[in-house]
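# Coordinate inspection notes
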Amino acid sequence: MSAGTPLSGSAGLVGRVANAGAVSARVALITDGGTVVPVRRVPDGMPAIATGTGDGFIDIRALGAENTTFKRGDVFVTSGAGGVYPPNIPVAIITRQTREAFLASPVADPARFDYAIVEPVYQPEVE
C-alpha cells in the first residue's frame, strides 16, 4: 500500500491513503477538507467534482455547466476521470442545498465501517 491508493468500504468510497508505514496508514477521508474526487451523477452521467468540507459533508459542483442544479437524493459515483479512483464506486448523495453549494453525505460513512478495501490505483486506457 502506498500514498494515494484509493480505499473503499462495503458501501462505497472512503478516501485515499495519505501516507503509509510498515504496519499502519493515515487516510484522507472523502469528507476531509480539500479531498477532491471526480464524480458523475447517476443515471445521466453529468460530471461533477466532490470536495470534502471538513465537517462530515461533501460539496458537489457540476463541471462545465453554470446553471446545473442538483436535487436532494441525487447519487454520485466515481467517474474514473484523471485516474486514481476506479469508476462507478458510490461516493455521495445530495442531502441539502445552501446558497453557494449542494451538500452531500458520504455513502460510506467513515464512522460506521469496520474495514476498508485497498483498491488498485485506476489508470484509464489510452485511446
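One numbering rule holds for all chains: residues counted from 1, following each sequence as written. Only residues with pLDDT of 70 or above have their local features reported here, since the model is predicted, and side-chain atom pairs are shown and tallied only from 80 upward, although totals for entire chains, interfaces and linings are computed over all residues. Computation of side-chain values covers all heavy atoms of the structure but excludes hydrogens and water.

## Examining the packing of aromatic side chains
Geometry of aromatic contacts follows a simple scheme: Phe, Tyr and Trp rings, the Trp one being its six-membered ring, pair when their centres are within 6.5 Å, and the pair is stacked under 30 degrees between planes, edge-to-face over 60, tilted otherwise. Under the defined criterion, the tally for this structure stands at two aromatic pairs. On the numbers, 5.1 Å between centres and 85 degrees between planes, the contact of Phe-70 with Phe-76 is edge-to-face. In terms of burial, Phe-70 and Phe-76 fall into one category: buried. An aromatic cluster is present here, built from Phe-70, Phe-76 and Phe-102 joined pairwise through their rings. Buried, partly exposed and exposed residues are distinguished by accessible area as a fraction of the type maximum, computed with a 1.4 Å probe on protein chains only: under 20%, between the cut-offs, and over 50%, respectively.

## A word on the confidence of the model for the protein chain
On a range of 0 to 100, pLDDT expresses the predictor's confidence in each residue. Looking at the protein chain, the pLDDT average stands at 88 and 97% of residues meet or exceed 70. Under the scheme used here, helices are H or I runs from DSSP no shorter than 4 residues and strands are E runs no shorter than 2 residues, and both carry numbers assigned from the N terminus. Mean pLDDT in the protein chain bottoms out at strand S10 (residues 117–118), which sits at 82, and peaks at strand S7 (residues 75–78), which reaches 97.

## Side note on the sheet that holds strand S2 (residues 13–20)
Pairing between sheet strands relies on hydrogen bonds along the backbone, with the strands arranged either parallel or antiparallel. Whether two strands pair depends on DSSP finding at least two bridges between them. A sheet is described by the order of its strands in space; here four strands give the open sequence S3-S2-S1-S10, paired in antiparallel fashion. Looking along the sheet, the strands with just one partner apiece sit at the ends: strand S3 (25–29) and S10. The sheet contact formed by strand S1 (residues 6–8) and S2 spans three bridges and is antiparallel. Of the residues in S2, the one forming a bridge with Leu-7 is Gly-15.

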